[in-house]
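Examination of the molecular architecture
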Amino acid sequence: MELPMKNVQYRIRTQNLSFKLLCPKYIEFDPLACWEENKECEKYILRNVNMEANPGAITAIVGPSGAGKTTLLEILAGVITPTTNHVLVNELPMNSVHFRKISGYVTQDDALFPLLTVRETLMYSARLRLEGGTKRSFDRVTELIKELGLEHVANVRIGSDSRRGISGGEKRRVSIGVDLVHDPCVLLLDEPTSGLDSSSALHVVCLLKSMAKSKGKTIVLTIHQPGFRILDLLDHFVLLSEGILIHHGSLDMLNERIKHLGYCIPRQVSAIEFAIEVIDAFVDLEKGVVQFFNESKQERCELRANHVDVIAYHNSIYYEVLILSQRFSRNIFRTNELFAARILQALLVGILIGTIFTNMNNGGPNRFKLRDELGFFAFTLTFLLSSTTEALPIFLEERRIMTRETSRGAYRISSYVISNALIFLPFLLIIALLYSIPVYWLVGLRRSVDGFLYFSLVAWLVVLMSNSFVAFFSALVPNFVTGYSMIAGVMGAFFLFSGYFIGKEDIPRYWLFMHYLSLFKYPFECLMINEYGGDHGKNKCLQVELGQCLLNGEGFLMQQGLKESLKWRNVVVMLIFIIGYRLLCAMVLCYRNHRTRC
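Here we summarise the structure given alongside this text. (Residues numbered from 1 in each chain as written. Predicted model: local features only at pLDDT ≥ 70, side-chain atom pairs only at ≥ 80, totals over all residues. Heavy atoms only, no water.)

Moving on, we get to the overall build of the protein chain. Across its full length, the protein chain carries 22 helices and 16 strands. The proportion of buried residues among the 598 residues of the protein chain is 55%. In the protein chain, 76% of the contacts between residues at least 6 apart in sequence involve partners at least 24 apart. Summing over all exposed atoms, the protein chain offers an accessible surface of approximately 27,800 Å²; the carbon and sulfur share of this is 57%. (Helix = DSSP H or I, 4+ residues; strand = E, 2+ residues; numbered from the N terminus. Buried < 20%, exposed > 50% of the residue type's maximum accessible area, 1.4 Å probe, protein only. Contact = heavy atoms within 4.5 Å. Areas by Shrake-Rupley, 256 points an atom, 1.4 Å probe, with all protein chains shown as cover.)

Okay, here's the thing in structure tokens:
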């Protein structure tokens, strides 16, 4: 159900918002004693906070570090929904999932794609969050770029720490623009001036002030030590200290309160800074906290609350996949170093390994070395399965942005997972072919087109399995170091139980599950069947004594317990692994973003 997009009054009431943890490190008493006594330790983040934010005004949440500013803002944004608080939107209980659709929440860190331009960044956001097709999105982005004052950098890439791009102030305005494309009635910003110089910080706040006045938006932000010029642009202040509300109202009211307490504010110090310095004087430990409220007299509109915990998406899943695929492919192909390195790596390693194992069959069966050929298969799989781990940082960067976008109802998690998988299909096919073409013919494997095509197919499925495996772990792990360590450890275990080092019959029964879960097992069997199976295998002698062939390819496969029918059954198993890891990735992302429909 659609909601009105104007004159939204925003009210929050909390009662002793707390996180109950067993002996957290930041508690004020002895953690060791608490652990020994097995008690629940409470850390109160907010206590009895009552505040109100009105349309057409900027409400600033201020206070010293650790006061609970970001926590309060996250409650207002619907990121945190504790059971002990009451958040009202126009006097009606706020449905956090539904509210995120009509609001914008700008986090302190700029979660942007560094390789996209300013216009592209806003355009993709508009296409995902607006109805009416590309024409409406283009018009909205053009209007927004002008409103944000970004015309001069519209076609410049965002950039990162290692890539030069736009300035910090311009990047912050782009972050604001990403959450403004759907024209939200409520805008919440966490430290929008953090890390900016005084001029850039003033520019950002002036922009917010203009939006609040001209469009009647309700704007709430947290800010740390604002300057005098910025203070003049803010309408209401919520002063917190250790989770307690000290003041809620205008700056003039705060000045009067400070004078009433007998203090004189120095000229070079703002009332906010001085109030933080003498914060203890505002608190009467016996009578409680002195609070001032500036109740708004503005007319309130009626909001029709939707109590169903569902986000209505603007686009079909097909259109979401199309947009996300375009964006992801643009990011991938602009990563020139990674793209070129992967191509050169596959080609050069294929040539190098081909020249090392070149023509192993030359010289007749007496010189044929079965161990060398099996070693070649093992190295091929090791190289292909480990060559996609560099995609982990790409996935982790995508996950951070995806989490923010899906939580605001931009698109479904399933659309992200599908588009991510589709984009890698052609790219990894190129990698597989560039490795297979030189190595297959130089090594002197089965001299037939169908044998080469099957080898290439297996190589493609192997890199797709590895890519899906990395995608799953990128959704699971917290950071790159943990992810890389876990992936390396699990891949090593898969190789150990593949059947190359120890046969299936010799693996302890309680470890057999690892044999069947191994990503090495099925392609390793495929490569052996391709080389030693069929009529080619019957004519391939592997062991000769006194001029007679004692073991051919067919006999070797029988020794290994392999049948010709496994050739395509294992291909199906590898496809199941590819799809299965993608589904696990989607499930983990859904769990991490449990408020979002998948």
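Further remarks concern the pattern of salt bridges. Evaluated as defined, the whole model comprises 13 salt bridges. As a salt-bridge pair, Arg330 and Glu120 come within 2.9 Å of each other at their nearest N and O atoms. Taken together, the positions of Arg330 in helix α11 (residues 317-334) and Glu120 in helix α4 (residues 118-129) put the pair 210 residues apart, joining distant regions of the chain. For Arg330, a relative accessible area of 34% translates into the label partly exposed. Of the charged contacts, one joins Arg140 and Glu143 as a salt bridge, the two residues approaching to 3.5 Å between their closest N and O atoms. Residue Arg140 and its partner Glu143 are located together in helix α5 (residues 133-148), separated by three residues, close to a single helical turn. Looking at Glu143, the relative accessible area reads 41%, which means it is partly exposed. (Salt bridge = Lys/Arg side-chain N within 4 Å of Asp/Glu carboxyl O.)

For the rest of this paragraph, the subject is α11. Look at α11: 26 Å from first C-alpha to last across 18 residues, which is about the 26 Å you get at 1.5 Å a residue. Looking at α11, one finds that the buried residues are Glu320, Val321, Ile323, Leu324, Ser325, Arg327, Phe328, Ser329, Asn331, Ile332 and Arg334. Check the buried side of α11 and you find it contacts α4, α12 (336-356), α14 (392-407) and α15 (413-443). (Expected span 1.5 Å × (residues − 1).)

Strands sit in the order β8-β9-β10-β5-β11-β12 across an open sheet of six strands; the sheet is mixed. Looking at which strands have only one partner, the edges of the open sheet turn out to be β8 (103-106) and β12 (244-249). Across the sheet, the mean angle from the axis of one strand to that of its neighbour is 15°, orientation sign disregarded. Of the pairings in the sheet, the one linking strand β5 (residues 58-62) to strand β11 (residues 236-241) comprises four bridges and is parallel in character. Following the sheet pairing, Thr59 is matched in β11 by His236. (Pairing = 2+ DSSP bridges. Axes fitted to C-alpha atoms, helices over the stretch in contact; angles between N-to-C directions.)

Before going further, it helps to spend a moment on the environment of Leu461. Examined against the element boundaries, Leu461 turns out to sit in helix α16 (residues 449-476). Remark: the alpha-carbon pair of Leu461 and Ile578, spanning 117 residues in sequence, is separated by 8.0 Å. Residues in contact with Leu461, not counting those within four places in the same chain, are Val571, Met574, Leu575 and Ile578.

Within an α-helix, residues lying three or four positions from one another point in the same direction, as the helix has 3.6 residues per turn. Counting buried positions along helix α2 (residues 69-77) gives seven out of nine residues, so the element sits mostly inside the fold. Listed as buried for α2 are Lys69, Thr71, Leu72, Leu73, Ile75, Leu76 and Ala77. Directly beyond the C-terminal end of α2, a positive phi value near 80° is found at Gly78.

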